Number of protein chains: 2
Amino acid sequence: MPEITPSPTCPLCQEAGGLPVFESALWRVVRVVDAPEFPAFYRLIWQAHVAEFSDLPAAQRQQCMEAVTAIEQVLREALAPTKINLATLGNVVPHLHWHVIARFDWDSHFPQPIWGERQRSPQPPASERLALPLPALDARVSAALRAL
Amino acid sequence: MPEITPSPTCPLCQEAGGLPVFESALWRVVRVVDAPEFPAFYRLIWQAHVAEFSDLPAAQRQQCMEAVTAIEQVLREALAPTKINLATLGNVVPHLHWHVIARFDWDSHFPQPIWGERQRSPQPPASERLALPLPALDARVSAALRAL
């Protein structure tokens, strides 16, 4: 793998990008903590500063998506969400990262994407509705990624 | 592979889901024609009615993402977009499909996701700004997918 220099101006080269959950040589997974409407929201961040999924060689793309899938499977098994949303956008921060988000038919934006128009303000709030406390969910995600 | 019955109420079981570009036994690729602000927008649709990426076995997940990557690579080479956006959401139509969208810093919503807030109304419109006419782009996408 060619060595890729961290970008001094890239937030994902300079900061964790969320609450650290698990880390490998090639990628790390954090839980997103600045979107309280979507508490079961994880982010796989590529360690090297690359912009696009197709910048990765095929073997790394496969490892990347198997890690994304492992997160998805934990969310499905633990929370039985209405839907999983996966996305890699990076328009604001062009450093490869994948969003893995458990969506529920009662959540603030469903069925809109989380970036779309708010549909409701659920009460009790999302943070009180998950079938599992977030630290326990983090532990399951971490265990699934360690097992890859 | 287990036979999966088409859903009589699923639009992606009943209709193409866009302008047909290429089809394999497991998936098809269409160009999205109902989002004129984003003309270089392709969609890989799984042929079987499955909801989530992790419903696929590992070998099919890999084939799926290699096809998504092939589309991404054509868009990058042909159009030099500011960013590629990849997403599988399916909140409205829970039949596995991947969005592959070329984004440009001049487009109507950049840097917001296409589902976010409009930022501007570009003139000339997006359809007149691509480096390649859409039929030629479709042909390149089709050739790349055929070569997989």
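Anything mentioned here points back to the structure above.
To start, this report covers the structure provided alongside it. Remember, it's a predicted structure, so these values are computed and weren't measured experimentally.

Another aspect to go through is the interface of chain B and chain A. Of the residues lining the interface, 34 residues belong to chain B; the matching set on chain A comes to 34 residues. The largest share of the area that chain B buries against chain A comes from B:Glu52, B:Lys83 and B:Asn91, three residues that together contribute 22% of it. Remark: the boundary between chain B and chain A carries six salt bridges. In this structure, B:Arg61 and A:Glu66 form a salt bridge, with 2.7 Å as the shortest nitrogen-oxygen distance. Looking at the side of chain B that touches chain A, the elements with two or more residues in it are α2 (58-79), β4 (83-88) and β5 (97-103) of chain B. A total of nine residues in the side of chain B that touches chain A trace back to one element, the largest contributor, which is α2(B). Note that strand β4 (residues 83-88) of chain A and β4(B) share three bridges and pair antiparallel. Its bridge partner lying in β4(B), A:Thr88 is registered against B:Leu86.

Time to look at the environment of B:Ser24. Residues and elements named next belong to chain B. In this fold, Ser24 is placed in the loop between β1 (19-23) and β2 (27-31). Among the residues examined, Ser24 registers a relative accessible area of 22% and is labelled partly exposed. For Ser24 and Leu145, which are 121 residues apart along the polypeptide, the C-alpha to C-alpha distance reads 8.9 Å. Of note is the side chain of Ser24, whose polar atom sits 3.2 Å from the backbone nitrogen of Leu26.

All names here are of chain B. Burial of β2 is extensive: five of the five residues sit out of reach of the surface. Residues of β2 alternate between two faces, with Trp27, Val29 and Arg31 on one and Arg28 and Val30 on the opposite face, all of them buried. Across four bridges, the pairing between β1 and β2 is antiparallel. Across the sheet, the residue bridging to Leu19 is Arg31, located in β2. Between β1 and β2, which pair antiparallel one after the other, the connecting turn spans three residues. In the sheet, β2 pairs with strand β3 (residues 41-46) via five bridges, with the strands oriented antiparallel. Bridge pairing in β3 places Val29 opposite Leu44.

Looking now at empty space enclosed by the protein. Counted by the stated rule, this structure contains two cavities of 30 Å³ or more. The calculated volume of the largest cavity comes to roughly 60 Å³. What lines the largest cavity is simply A:Phe53, A:Ala58, A:Arg61, A:Gln62, A:Met65, A:Glu66, B:Phe53, B:Arg61, B:Gln62, B:Met65 and B:Glu66. The set of elements that each furnish at least two residues to the lining of the largest cavity consists of α2 (58-79) of chain A together with α2 of chain B. Of the residues forming the lining of the largest cavity, the biggest block, five residues, is contributed by α2(A). When grouped by side-chain class, the residues that make up the lining of the largest cavity number five nonpolar, two polar and four charged. The computed volume of the second largest cavity comes to approximately 30 Å³. A:Glu37, A:Phe38, A:Pro39, A:Ala40, A:Ala102, A:Phe104, A:Trp106 and A:Asp107 together form the lining of the second largest cavity. Of the residues contributing to the lining of the second largest cavity, the split by class is six nonpolar, no polar and two charged.

Turning to the relation of the copies chain B and chain A, a few remarks are in order. Each of the two chain copies goes to the other by way of a rotation about an axis and a shift along it. When chain B is fitted to chain A, the residual RMSD is 0.0 Å, and the transformation amounts to a turn of 180 degrees plus an axial shift of 0.0 Å. Both chain copies can therefore be described as sitting about a two-fold axis. By C-alpha distance to the rotation axis, the residue of chain B lying nearest is B:Ala87, at 2.0 Å. When the interface residues of chain B are mapped onto chain A, 100% of them are again interface residues, pointing to one common binding face.

Conventions adopted
- Residues numbered from 1 in each chain as written.
- Chains lettered and ligands numbered in written order.
- Predicted model: local features only at pLDDT ≥ 70, side-chain atom pairs only at ≥ 80, totals over all residues.
- Heavy atoms only, no water.
- Contact = heavy atoms within 4.5 Å.
- Buried area = accessible area lost by both parts, 1.4 Å probe.
- Salt bridge = Lys/Arg side-chain N within 4 Å of Asp/Glu carboxyl O.
- Helix = DSSP H or I, 4+ residues; strand = E, 2+ residues; numbered from the N terminus.
- Pairing = 2+ DSSP bridges.
- Buried < 20%, exposed > 50% of the residue type's maximum accessible area, 1.4 Å probe, protein only.
- Polar contact = N/O pair within 3.5 Å; in protein donor to acceptor, adjacent residues only side chain to side chain.
- 1 Å grid on protein atoms, 1.4 Å probe; cavity = no way out; pocket = protein on both sides within 12 Å on 5 of 7 lines; lining within 4 Å.
- Points joined across faces, edges and corners; volume = space filled by probe spheres on them.
- Nonpolar A, V, L, I, M, F, W, Y, C, P; charged D, E, K, R; others polar.
- Least-squares fit on C-alpha atoms with pLDDT ≥ 70 in both.

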